[in-house]
Amino acid sequence: MAYAIDETHDPKLESWVESANDPSTDFPIQNLPLATVIRPIEDSETGDEFTLSAVVAIGDMLLDLNRLSMTELAPEDDSDWDFVAVDQIVAEGKWSGLRKKVQSLLRKDNDALQNHPLRDEIVIPRDDSMMSLPLIDPIGDYTDFYASLYHATNVGSMFRPDNPLLPNYKHIPIGYHGRASSIIPSGTSIKRPVGQQAPAEEGGSPSFGPCKLLDYEMEMGAFIGRGNELGEPIDIKDAEDHILGLCILNDWSARDLQKWEYVPLGPFLAKNFASTISPFIVTMEALAPFRCGAQERDAGDPQPLGYMDSDENRKSGGIDITVEVWLASEKMREQGMDPIKLSKGNFKDMYWTVAQMVTHHSVNGCNLQPGDLLGSGTISGTTRDSRGSMLELTWDGDPFANPPISAPGTQRTPIVLPTGEERKFIADGDEIIMKAYCEREGYRRIGFGECRGIIEAARSV
Ligand code: MN
């Protein structure tokens, strides 16, 4: 079943929350992403200082669903309102109905909440430092894919100039099981990882110390809303029913650790020290107006096997999401300079769709569960400024140039910052800021908020 465009996407809808009507906001009344906020409370009985609340973002405000559920605006006979956490909304599959109700309460022409005596308790200013991970329960499982052909070709060209793509790439959405416990919300700073690096010459001993080639990967994350029973694969036709929505994901990567450890079983400590996600889950319903065809395959490419193919996936399996990466060094922040944009790509440029990832992940009977997170893989395009990692941005090769330029992985042109500082990889004190948004003629622009992280110096070893 596809998510349909309906009256909730009407571009004329306005909210009584004025900031939601600003054309540049990420969170107009057509978006309504889910999140969890950490609210200060004074509870003399328990001594608790904070409570976690499920919220919906609207303009620069948050609608607290828990506080709302305690008022008469949440009728007792309506079980849709009987929740306390985003987790329950996810587990019980209640979001679709809620979207309409929440939107109705926020509409300019509805004064039930607008004029409610507890309005300022229920609708509170958004302060990004108070956002938690979107779900209260720990993320059960995290899988990271590698779904951009352009990213895979760039990276493959650095290590295997004559044979950049391995033979399985166009047949299988390549992925690995990542680490769920180190997924952190936007704004959490990260200590530079420490680890083993490859010996300088063959047969030598590895070195040990702080990572020297620290990188980010611009990805989208997909939260599973509905799971499947062990042994019961998810059909491609039903795959999107199992997805709640998307967030921004920064898959921080220690390239020197990765290069030494990845053979033969893939990424391990190079990836599991931290993965940052934006706090808002933009639901599949909200994304309906921004769907596009799956990436068209070249004439010589194999078509996906039948279990990963459907008319609907070909026609509307893609999602048009512009993604941007920005950097601010410590020096830039001290001098009051704005971050600079490193790249701009698009999620529609992925070789595999989210539905294909879900279907392939479960085809062997593997059970996905509500709250699981799937990473898309680095989002890169064919142009230099659309590359979604520093490894690719500073690399001098270009397999998509005509004729292709294949340069060994060591040839790099640094990025020059407005302070005169140079970067081939991330330095201590650098803040990486990722943004994502959808725009289409005739619809309101919606966004994902930001995914931020500052790298701190490594612990001493
Ligand atoms: Mn990745």
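A brief look at the structure comes next. Keep in mind it's a predicted model, so treat the numbers as computed, not measured.

Criteria and thresholds
- Residues numbered from 1 in each chain as written.
- Predicted model: local features only at pLDDT ≥ 70, side-chain atom pairs only at ≥ 80, totals over all residues.
- Heavy atoms only, no water.
- Helix = DSSP H or I, 4+ residues; strand = E, 2+ residues; numbered from the N terminus.
- Rg over C-alpha atoms; globule rule 2.2 N^0.38 Å.
- Buried < 20%, exposed > 50% of the residue type's maximum accessible area, 1.4 Å probe, protein only.
- 1 Å grid on protein atoms, 1.4 Å probe; cavity = no way out; pocket = protein on both sides within 12 Å on 5 of 7 lines; lining within 4 Å.
- Points joined across faces, edges and corners; volume = space filled by probe spheres on them.
- Nonpolar A, V, L, I, M, F, W, Y, C, P; charged D, E, K, R; others polar.
- Contact = heavy atoms within 4.5 Å.
- Donors = N, O, S within 2.8 Å, 3.2 Å for Na, K, Ca; no water.

## Section: the overall build of the protein chain
When helices and strands are counted, the protein chain shows eleven helices and 25 strands. For a compact globule of 461 residues, the expected C-alpha radius of gyration is about 23 Å, and the protein chain comes in at 22 Å, within 12% of that figure. Seen through its principal axes, the protein chain has C-alpha atoms that stretch 70 × 55 × 40 Å. A burial count over the protein chain gives 54% of its 461 residues as buried.

## Details of empty space enclosed by the protein
All told, the structure shown has three cavities of 30 Å³ or more when counted by the stated rule. Here the largest cavity is characterised by a volume of approximately 80 Å³. Along its surface, the largest cavity is lined by G293, A294, Q295, G317, G318, I319, F347, K348, M350, W352, T353 and V354. Split by residue class, the lining of the largest cavity holds six nonpolar, five polar and one charged. The computed volume of the second largest cavity comes to approximately 40 Å³. In terms of lining, the second largest cavity is formed by M220, G221, A222, L246, F347, V354, M357, L374, G375 and S376. Breaking the lining of the second largest cavity down by element, the ones donating at least two residues are β12 (218-224), α10 (354-362) and β21 (373-375). At three residues, the largest contribution of residues to the lining of the second largest cavity is made by β12. For the lining of the second largest cavity, the per-class residue count stands at seven nonpolar, three polar and no charged.

## Considerations on the side chain of D64
Assignment of secondary structure puts D64 in strand β3 (residues 61-64). Those residues within four positions of D64 in sequence are excluded, and the remaining contacts are R39, S53, A54, V55 and I122.

## Description of the coordination of the manganese ion
Six octahedral donors around a metal ideally sit at 90 or 180 degrees from one another, while four tetrahedral donors ideally sit at 109.5 degrees. Of the protein atoms, only D144 (OD), E217 (OE), E219 (OE) and D251 (OD) coordinate the manganese ion, at distances of 2.1 to 2.3 Å. Each donor residue of the manganese ion lies on the same chain, and together they follow the pattern D-x72-E-x1-E-x31-D. Here D251 lies in the loop between β13 (243-250) and β14 (253-254) and E219 lies in strand β12, a separation of 32 residues in the sequence. Assessed through its relative accessible area of 0%, E219 is described here as buried. Its relative accessible area of 0% is what places D251 among the buried residues.

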